[in-house]
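The residues making up each chain are set out below.
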Protein chains: 4
Amino acid sequence: MRITVGDIETGPLDAITDVPGVRVGHVTLVEGDAVRTGVTAIVPHGGNVFRKKVPAAIEVANGFGKLVGYTQVRELGELETAILLTNTLAVWDAASALVDHTLALSGNEDVRSVNPVVGETNDGWLNDIRSRPLRREHFVRALEQASGGPVQQGAVGAGTGTVALGWKGGIGTASRKVGPHVVGVLVQTNFGGTLTLPGGETFAPSLAEDGSCMIVIATDAPLHARQLGRLARRSFAGMARAGASFSHGSGDYAIAFATADGSLPDDALTPYFEAVADATQEAIYNSLLHAETMRGHAGHVAKAWRRAAPRKR
Amino acid sequence: MRITVGDIETGPLDAITDVPGVRVGHVTLVEGDAVRTGVTAIVPHGGNVFRKKVPAAIEVANGFGKLVGYTQVRELGELETAILLTNTLAVWDAASALVDHTLALSGNEDVRSVNPVVGETNDGWLNDIRSRPLRREHFVRALEQASGGPVQQGAVGAGTGTVALGWKGGIGTASRKVGPHVVGVLVQTNFGGTLTLPGGETFAPSLAEDGSCMIVIATDAPLHARQLGRLARRSFAGMARAGASFSHGSGDYAIAFATADGSLPDDALTPYFEAVADATQEAIYNSLLHAETMRGHAGHVAKAWRRAAPRKR
Amino acid sequence: MRITVGDIETGPLDAITDVPGVRVGHVTLVEGDAVRTGVTAIVPHGGNVFRKKVPAAIEVANGFGKLVGYTQVRELGELETAILLTNTLAVWDAASALVDHTLALSGNEDVRSVNPVVGETNDGWLNDIRSRPLRREHFVRALEQASGGPVQQGAVGAGTGTVALGWKGGIGTASRKVGPHVVGVLVQTNFGGTLTLPGGETFAPSLAEDGSCMIVIATDAPLHARQLGRLARRSFAGMARAGASFSHGSGDYAIAFATADGSLPDDALTPYFEAVADATQEAIYNSLLHAETMRGHAGHVAKAWRRAAPRKR
Amino acid sequence: MRITVGDIETGPLDAITDVPGVRVGHVTLVEGDAVRTGVTAIVPHGGNVFRKKVPAAIEVANGFGKLVGYTQVRELGELETAILLTNTLAVWDAASALVDHTLALSGNEDVRSVNPVVGETNDGWLNDIRSRPLRREHFVRALEQASGGPVQQGAVGAGTGTVALGWKGGIGTASRKVGPHVVGVLVQTNFGGTLTLPGGETFAPSLAEDGSCMIVIATDAPLHARQLGRLARRSFAGMARAGASFSHGSGDYAIAFATADGSLPDDALTPYFEAVADATQEAIYNSLLHAETMRGHAGHVAKAWRRAAPRKR
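So, a few notes on the structure that sits alongside this text.

**Considering the pairing of strand E2 (residues 35–43) of chain D**
All names here are of chain D. Most of E2 is tucked away: nine of the nine residues are buried. Residues of E2 alternate between two faces, with Val-35, Thr-37, Val-39, Ala-41 and Val-43 on one and Arg-36, Gly-38, Thr-40 and Ile-42 on the opposite face, all of them buried. With nine bridges joining them, strand E1 (residues 23–31) and E2 adopt antiparallel strand pairing. Counted as the bridge partner of Val-24 is Ile-42 from E2. Linkage of E1 to E2, two consecutive antiparallel strands, is achieved through a turn of three residues, within which Gly-32 is found at a positive phi near 60°. Bridge analysis of E2 against strand E5 (residues 83–87) gives three bridges, and the strand direction is antiparallel.

Following this line, the structure appears as structure tokens:
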């Protein structure tokens, strides 16, 4: 099942992993009645990322979030680690684990400074977030298990305990082809608003929680950091169209990176901008479509949208 | 005729002038076959704005534009003149006229520094923009004629020659009530994309021109500059929902100001954020609904959307 | 011993703790031949900071650093934890400990989101930074031991293993009185350049290491976040005058917070701006003046400047 | 006469025109008792700049100024016109003239959008700035007379009526060689503070006026926009060392551009950073050294520093 957004052709997997070399890994932590969380790793390429950094930018729609690594990416325009996504109170432990992992890589024996990039949303409605159950091993495993190919979506990894648009949210992904290139998007959806489909159909939230959205964008188009910033900003249009309310508490960030060398002129970017907006919107739908109803912390239940609302109204 | 956006109550005029004290003035310049341009003034209050500055912020979705006055508003968080909107190649003459006007006001005899704020979109498809026909008198007249009450919309003032979403664009306005306050929005629409109604209906562009969007937001809620920046950013969600493509060439800016003293906590802002997104989206529709088909420079014709597509599909 | 900078009167302690309520705590970790590091806590007031947040801003001269907490401070203009300073590879563990500490405070039982602010410089020349020896207990102890009164300076806390201007650096502090208010500064010096005294005397570096500088500014003047940003930016002038080279690798940040409610007009700020520049410059000198020669990791030695160069040339 | 700053070798002219292709033009307007103003053009190369744009960045130490062109340079990272410097109330007329000039260039017949960059300081103490005496012809003449070779300094062009550090300010320039490249700086000095020489000697201001500083940086090093931003920020260290007080009212901006294609890694930039700080500091001294005592508006007199204080104290 898929909700069509726009008319740009998708990549073969309709996933961020359509960008050659990009790998995704999930660790899902579901324990007892109250632990519903996890971690998702997005790895730019198969080599040592610290030694082969990639151009990158981070754009902030609402900075009410704990994302780690912002200022160095803005200053130097590059990513020197994988990206981890997790829950709000786990970002620093995730960052610390990512640094350990980087220091331990062959070729990094003399490294004394690393800028890990970790994003988050707050899964504290379904997850006993104050118990801080994620440990170093979970973050490392997400990195080590990352692979290409189809990406598991829904209530997995960093999306395990999230709620979006009043339904069970999670991880979603989508991609678009632009000329010889691919733009891939992966989202961790946990934000409020009213789910709105491309045809205009809307679905009232089944619960009133809101939170944030993390958007990761990969491309093999040869874009440098300033251009990646321009690209990243367009992803928020996809959020808007899917129904985000952009509330006070929603810390919304987009991280974009490119895997290719070379350059494109800015006036060639419009098709990439449209692709990223469409792919973000579709990835949000995908995160909901693949999520199952989940019961968690304090008996809270987030319903799967596709079950609760099986037919279009 | 009106297209309903969201379910928040509008102000009595459904216009930026629902914010007490805010006044709008248009000068429309249509001459011969090729001049199709103008200027729109938005005046924060009836006093000497330089002597009674108002808190303000300017947010930039795409900085590919010529807006005048940005850095001082960012540094000091206030507006010390009215806002003028006009065409791309007229912003500096508009700013110069606005400064003359400010210097000449009673009480400003010792003023030696003024920060005029002027926004623009490029009406060069319908208007012979290179002829630069707007003169000091036009800018001053827009300021002096500004008044409260209903706002003329469509192909007037700074919207005279604009094209939006492939149809004749122009000036639009809308407002929303939030508790005891009003949020009012005025737009100058000139951007590309696919017109999309709240019910999901879309309208193919009748021509392929794109450009930019200027958004002016007024409120009598007691918001200070940082909060006005947060408010202003939400207006771009309204653009996204109306179908903006956020192309490379679309220089999109939102200017927000408040007319009240006092303060609100940030966690009270979500309703204001939703109001500004809805009002912006509706104001965009209003700009199209009120615009008549126009023929201009080089024989170019921009069709009125409501005539060309009278019935909903 | 003290090097006079400017002619503004200092506070009674010439320390950041001259700002009423502000407390400082150090934990110094010197173990074996190679561990030379630590943590310094700056606590805005004696209450629960999460429940009584303080207006704050962070300014970035060079974002090549790992500071944690930037985007939320920029978005919301406030600090909701103490500030920790430590070494580059310890910031995330410090942030995690600061969050644990915050979650455990009485009154915070329902808190599910905390924005810790942690700054760093890289002490990897004297300290075996890759061994990552700082543990949760060290960070918590710095917070718990924080007190008002005189501040220990030199090679203590987060300044234990730092090197500045080619000499042994460390923690320094200074303050200035501005009307009824105090501006206090605390620095963690680890940056390159040529030590330059107010009289113009310069001292060649004894070693070529460079790094970064963290600057923390406190005031009881009633400044809000935008104004604190303006204040913070002036601290970099103090760095410049002390001889900083602002090299590529020097990640330089200034964090400013205010402990008072109320407001001041922007045109009253110039004396505060001059105060912060002078206090920063003096605090840098103080960090050097109080530092003893230290031998550490890999047999590296950083000489105390006041010993090596006892007389003014 | 020259005040040595640092030990980096200067270019042959010690001027911004040491960067191959860069040209400077002044128009000085001294009329009657009260008009003391002018315009200075800095032209990146001898071709059509709109057709051969150059990478550029603008950094803002204090945005309390009227600089025109900021947001587009930030968005696209390039300059498409020459830079004009003038007085505060003339920037918009200067921008308008620069646009006329650009539209009229051969090859620009179809241009409908131009982003002029114009900076300013407020010469209203010596100049009857409210009379707004500069006209289109003055701005165009500065552009057309721009040439390579030695640059006239002191009270000329945009520096005609400025006051810096309590003495007669003006235009100053300097350059530094970095490997095979040159970094050139031109300043328009009009800011407050206490003149401080590299040896530490200070000179009390002869009058209390303050204002702003405009800094223009050119290089033939192959730097792209993000790197030029990093370079530009270092110029403020030169201002700090020369004695700037960075007051509330001092709108200080640095505009940097590069004339070469290609690229350098960021970790090669430190020598360029040091060069720009030194060259800015020296250029400030040069602006004072070359300025003659001037009497102007309202009988105000700004004394030449080198005359008033001929011998070093």
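**A look at the interface of chain C and chain A**
The figure often quoted for interface size is the accessible area lost as the parts come together. With 41 residues of chain C at the contact, the number on the chain A side is 41 residues. Across the chain C to chain A interface the summed buried area is about 3,200 Å²; carbon plus sulfur atoms make up 49%. The tally of links between chain C and chain A comes to five salt bridges. The shortest N-O distance in the salt bridge between Arg-132 of chain C and Asp-100 of chain A comes to 2.6 Å. Inspection of the chain C/chain A interface yields 32 residue pairs in polar contact (both at pLDDT 80 or more). Listed by contribution, the elements that provide at least two residues to the side of chain C that touches chain A are strand E3 (54–62), helix H1 (70–76) and helix H2 (91–103) of chain C. Among the elements that take part in the side of chain C that touches chain A, H2 of chain C stands out by supplying seven residues, more than any other. Class assignment for the residues of the side of chain C that touches chain A results in 16 nonpolar, 13 polar and 12 charged.

**A closer look at the packing of helix H2 (residues 91–103) of chain D against helix H3 (residues 136–145) of chain D**
Residue and element names in this part refer to chain D. The N-to-C vectors of H2 and H3 enclose an angle of 55°; their axes lie 9 Å apart at closest approach. It follows from the interaxial angle that H2 and H3 lie oblique. Here the hand of the crossing between H2 and H3 comes out right-handed. Residues Asp-93, Ala-94, Ser-96, Ala-97, Leu-98, Asp-100 and His-101 of H2 touch H3, and the partners they reach there are Arg-136, Phe-139, Val-140, Leu-143 and Glu-144. Considering only residue class, the contact of H2 with H3 consists of six nonpolar, two polar and four charged.

**Regarding the relation of the copies chain D and chain B**
The transform that puts chain D on chain B rotates by 180° and translates by 0.0 Å along the axis, for an RMSD of 0.0 Å. Viewed as a symmetry operation, the transformation between the two copies matches a two-fold axis. Taking C-alpha positions as reference, the residue of chain D nearest the rotation axis is Trp-92 of chain D, located at 2.3 Å. Comparing interface residues between copies, 100% of those in chain D also lie at the interface in chain B; the contact surface is shared.

**Considering the relation of the copies chain C and chain A**
For the pair of chain copies, the relating transformation is a rotation about an axis with a translation along it. If you rotate chain C by 180° and push it 0.0 Å along the axis, it lands on chain A with an RMSD of 0.0 Å. Comparing interface residues between copies, 100% of those in chain C also lie at the interface in chain A; the contact surface is shared.

**A word on helix H2 (residues 91–103) of chain B**
Residues and elements named next belong to chain B. Taking 1.5 Å of rise per residue, 13 residues should cover 18 Å, and H2 covers 18 Å from first to last C-alpha, within 8% of that figure. Of all the 13 residues making up H2, 11 are buried; the element is thus mostly covered by neighbouring parts of the structure. Looking at H2, one finds that the buried residues are Val-91, Trp-92, Asp-93, Ala-94, Ala-95, Ser-96, Ala-97, Leu-98, Val-99, Thr-102 and Leu-103.

**Examining the interface of chain D and chain B**
Of the residues lining the interface, 41 residues belong to chain D; the matching set on chain B comes to 41 residues. Carbon and sulfur atoms supply 49% of the area buried between chain D and chain B, which totals about 3,200 Å² over both sides. Among the residues of chain D in contact with chain B, Trp-92, Arg-112 and Arg-130 of chain D are the three that bury the most area, contributing 24% of the side total. Across the contact surface, chain D and chain B share four salt bridges. Across the pair Arg-112 of chain D and Glu-209 of chain B runs a salt bridge, and its minimum N-O distance is 3.9 Å. Where chain D packs against chain B, one counts 32 residue pairs in polar contact (both at pLDDT 80 or more).

**Examining the sheet that holds strand E5 (residues 83–87) of chain B**
All names here are of chain B. On the basis of which strands lie adjacent, the open sheet formed by four strands has the order E1-E2-E5-E6 and mixed pairing. Pairing within the sheet leaves two strands with one partner each, and these edge strands are strand E1 (23–31) and strand E6 (117–121). Pairs of neighbouring strands in the sheet enclose a mean axial angle of 15°, with direction left out of account. On the sheet, H2 packs against E5 and E6 and is oriented at approximately 155° with respect to E6. Lying on the sheet, helix H3 (residues 136–145) is in contact with E1, strand E2 (35–43) and E5; it crosses E1 at an angle near 145°.

Thresholds applied
Residues numbered from 1 in each chain as written. Chains lettered and ligands numbered in written order. Predicted model: local features only at pLDDT ≥ 70, side-chain atom pairs only at ≥ 80, totals over all residues. Heavy atoms only, no water. Buried < 20%, exposed > 50% of the residue type's maximum accessible area, 1.4 Å probe, protein only. Helix = DSSP H or I, 4+ residues; strand = E, 2+ residues; numbered from the N terminus. Pairing = 2+ DSSP bridges. Contact = heavy atoms within 4.5 Å. Buried area = accessible area lost by both parts, 1.4 Å probe. Salt bridge = Lys/Arg side-chain N within 4 Å of Asp/Glu carboxyl O. Polar contact = N/O pair within 3.5 Å; in protein donor to acceptor, adjacent residues only side chain to side chain. Nonpolar A, V, L, I, M, F, W, Y, C, P; charged D, E, K, R; others polar. Axes fitted to C-alpha atoms, helices over the stretch in contact; angles between N-to-C directions. Parallel < 35°, antiparallel > 145°, perpendicular 65-115°, else oblique. Left-handed = near helix turned anticlockwise from the far one by under 90°. Least-squares fit on C-alpha atoms with pLDDT ≥ 70 in both. Expected span 1.5 Å × (residues − 1).

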